[in-house]
Amino acid sequence: MGVTKIARMLALIAPLVLVGCASNTAPVSMQFAAKTDAAKYHRVAVLPFDGDGGAKATIDFESMLASVRYEQKPYFTIVDRTQLLNVIGELALQHSGLVDPRSASKIGRLTGAEALYGGSAIISPVAYKYSTEPRTVCPKDRKCYTTQIRCTTKTARFELTPRLVEVARGTVVYSDTKIGLASSYRCDDQATDDPEQVLVTKAAANAFQQAREDVAPYEKNVLVKFQSSTDGINPQSVEIFKGSLEFANAGRFDRACTQWADLARANPSSFALQYNLAVCDEVSGRLDAALVKYQQVDAALTKPDADVNAALVRVRSGIAEQEKLKKKPSDPRSSASQATRR
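Since the model is a prediction, treat every value here as computed from it, not as a measurement.

## Brief notes about the confidence of the model for the protein
Per-residue pLDDT for the protein averages 86, and the proportion of residues at 70 or more is 87%. Contacts from residues 3-22, a stretch scored under 50 in pLDDT, to residues over four places away or in other chains number 22 contacts. Overall, residues 330-342 carries pLDDT values under 50, and its contacts beyond four positions in sequence, including any with other chains, amount to 11 contacts.

Pasting the structure below:
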């Protein structure tokens with residue numbers, strides 16, 4: 001199973017885990033801008049990666065970039081691999097020559113790429129560490145005794161170093177090493193653990209996720225708490241309110257939010273209902289509206305509330321990330337000419 005497929009599975013499973021582990025909370029998917037300026041280069045090519053994991057990493061890195069979407073559109077335009085290989089062949093470049101920024105710049109100009117990714121991927125041998133755990137054994141008709149059972153920790157390590165060369169200047173504009181680790185622990189009296197290849201795949205997925213957050217917008221699930229206090233809710237509304245919380249805990253905010261809106265009109269002094277209506281906007285991605293409602297809830301308080309404080313910080317941060325994503329990427333060629341003039 002490929003790295004990108006595993007990452008996609010983990011992304012789908014995460015919300016279910018979050019819902020199962022906490023009550024009166026909702027997982028909200030928030031989008032973040034890339035952590036580096038590498039994301040401003042939208043038309044890119046992926047050169048062959050070096051290292052024992054390079055061949056697969058090249059394909060997986062290209063697939064990772066191709067899977068990035070923003071506002072329902074592909075975020076990157078990837079140079080066709082056949083076209084890329086033809087250009088490399090025309091330039092008669094050996095594999096070792098691809099790491100030269102000047103060669104990469106030539107490739108970029110011939111393919112129309114703004115920037116080219118390359119780098120390396122190194123798979124370390126799986127490390128084994130041995131230890132023991134005590135076990136109590138009680139044979140029939142004999143005294144119990146303690147014995148030691150051997151246990152094994154296996155750790156896989158995947159080292160991914162993506163590097164980005166800007167075509168206009170022929171210089172490296174991004175390079176970083178991401179270390180992905182994955183471990184399993186098993187004692188001799190327990191069931192089997194993950195095979196080595198599974199651990200390597202998990203370690204690679206971890207390294208790729210780190211790199212993805214550097215070079216492209218990404219999403220993460222954030223837990224948003226909703227309130228369950230019945231203070232300020234009249235007795236006739238309490239049972240409906242409790243039922244709305246069950247809908248919310250089941251992820252049915254379509255029902256919960258409708259009920260909260262109806263209840264809020266009859267119970268205007270309820271802190272929980274006013275707060276939860278802000279949660280409804282946040283869960284739906286209406287962060288500006290959510291911020292207004294959280295501020296109104298905050299203004300009605302006579303002392304600070306930890307949940308309101310956290311909500312204000314979270315929503316303001318989300319709005320700031322949205323603003324970053326809306327900014328038009330700067331033209332790399334313009335940046336290059338400015339750098340030359342300086």
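## Observations regarding the nonpolar core
Counting 36 residues, the largest nonpolar core has F61, L65, Y117, F158, L160 and V215 as the members making the most contacts within it. When contributions to this core are tallied by element, the ones reaching two or more residues are β2 (43-46), α2 (54-67), β6 (115-123), β8 (145-166) and α5 (196-215). By residue number, the principal contributor to this core is α5, which donates eight residues. Apart from residues lying up to four places away in sequence, L160 is in contact with F49, A57, S120, A121, D176, T177, K178, A207, F208 and A211. Ranked by size, the runner-up nonpolar core spans 35 residues in total, among them M30, F226, C257 and V315.

## Some points on helix α7 (residues 253-266)
Structurally, the α-helix is built with 3.6 residues per turn, so residues lying three or four positions apart point the same way. A rise of 1.5 Å per residue sets the reference length of α7, with its 14 residues, at 20 Å; its end C-alpha atoms lie 20 Å apart and thus fit the reference within 8%. Within α7, burial applies to F253, A256, C257, Q259, W260, L263 and A264. One side of α7 holds all its buried residues, which, seen down the axis, span an arc of 165 degrees. Buried residues in α7 make contact with β1 (25-32), α6 (235-249) and α8 (271-283).

## A look at the state of the cysteines
According to the stated counting rule, one finds three disulfides in the structure shown. In this model, C151 is linked to C187 through a disulfide, with the two sulfur atoms separated by 1.9 Å. The sign of the 95 degrees torsion about the S-S bond sets the C151-C187 disulfide as right-handed. With C151 in strand β8 and C187 in strand β10 (residues 178-187), this residue pair connects regions lying 36 residues apart in the sequence. The same class applies to C151 as to C187, namely buried. Bonded cysteines in the protein are paired 1-2, 3-4, 5-6 when counted in the order they occur along the chain.

## Observations concerning the packing of helix α3 (residues 81-90) against helix α4 (residues 101-111)
Relative to each other, α3 and α4 sit at 125 degrees, their axes nearing to 10 Å. Judged by the inter-axis angle, α3 sits oblique to α4. Crossing handedness for the pair α3 and α4: right-handed. Every residue of α4 that contacts α3 at Q83, L84, V87 and I88 is listed here: I107, L110 and T111. In terms of residue class, the contact of α3 with α4 is built from five nonpolar, two polar and no charged.

## What to know about the side chain of K154
Tracing the chain through its elements places K154 in strand β8. Judged by relative accessible area, which is 7%, K154 ranks as buried. Reaching out from K154, the side chain makes a polar contact with the backbone oxygen of D194 at a distance of 2.8 Å. Those residues in contact with K154, other than ones at most four positions away along the chain, are V126, A127, Y128, A182, S183, S184, D193, D194, P195, E196 and L199.

## Some remarks on unusual backbone geometry
In the Ramachandran plot, N24 falls in the positive-phi region, its phi being about 55 degrees despite a non-glycine side chain. Tracing the backbone through its elements, the reader meets N24 in the loop between α1 (3-21) and β1.

## Focus on the packing of aromatic side chains
In this structure the tally under the stated criterion is 12 aromatic pairs. Aromatic pair F49 and F61: ring centres 5.4 Å apart, planes at 40 degrees, arrangement tilted. Of this pair, F49 sits in the loop between β2 and α2 while F61 is found in helix α2, placing the two residues 12 residues apart along the sequence. Given the relative accessible area of 4%, F49 is considered buried. When its relative accessible area of 0% is taken as the criterion, F61 is described as buried. A centroid spacing of 5.8 Å and a plane angle of 40 degrees characterise the contact between F271 and Y275, whose relative ring orientation is tilted. Highlighted residues: F271 and Y275, both in helix α8, separated by four residues, approximately one helical turn. Of the residues examined, Y275 reaches a relative accessible area of 1% and is grouped as buried. Ring pairs connect the aromatic residues F49, F61, Y117, F158 and F208, which therefore count as one cluster.

About the thresholds
- In this convention, every chain numbers its residues from 1, walking through the sequence in written order.
- Local features in this predicted model are restricted to residues whose pLDDT is 70 or higher, and side-chain atom pairs enter the listing and the counts only when it is 80 or higher, whereas totals over whole chains, interfaces and linings include all residues.
- Side-chain numbers come from the whole structure's heavy atoms, not from hydrogens or water.
- Per-residue confidence from the prediction method is given by pLDDT, with values spanning 0 to 100.
- We call two residues in contact when some of their heavy atoms are within 4.5 Å.
- The set of buried Ala, Val, Leu, Ile, Met, Phe, Trp, Tyr and Cys residues whose side-chain atoms join them within 4.5 Å is what this entry labels a nonpolar core.
- When a residue's accessible area, from a 1.4 Å probe over protein chains only, is under 20% of the maximum for its type it is buried; when over 50% it is exposed; and in between it is partly exposed.
- The way it works is that DSSP assigns letters per residue, a run of H or I at least four long becomes a helix, a run of E at least two long becomes a strand, and they are numbered from the N terminus.
- To estimate how far a helix should extend, the number of its residues minus one is multiplied by 1.5 Å.
- Here the arc refers to the directions that run from the helix axis out to each C-beta atom.
- Cysteine sulfur atoms are paired as a disulfide whenever they come within 2.5 Å of each other.
- Here an axis means a line fitted to C-alpha atoms, over the contact stretch when the element is a helix, while the angle between two N-to-C directions is reported on a 0 to 180 degree scale.
- Angular relationships are summarised with four words: roughly parallel below 35 degrees, roughly antiparallel beyond 145, roughly perpendicular across 65 to 115, and oblique for the angles in between.
- Left-handed describes a crossing whose near helix is turned anticlockwise from the far helix by less than a right angle; the clockwise case is right-handed.
- Three residue categories are used. Nonpolar comprises Ala, Val, Leu, Ile, Met, Phe, Trp, Tyr, Cys and Pro, charged comprises Asp, Glu, Lys and Arg, and polar comprises the others, including Gly.
- Any N or O atom pair separated by 3.5 Å or less is treated as a polar contact, with the protein-specific requirement of one donor-capable and one acceptor-capable atom, and with residues adjacent in sequence counted only for side-chain atom pairs.
- Geometry of aromatic contacts follows a simple scheme: Phe, Tyr and Trp rings, the Trp one being its six-membered ring, pair when their centres are within 6.5 Å, and the pair is stacked under 30 degrees between planes, edge-to-face over 60, tilted otherwise.

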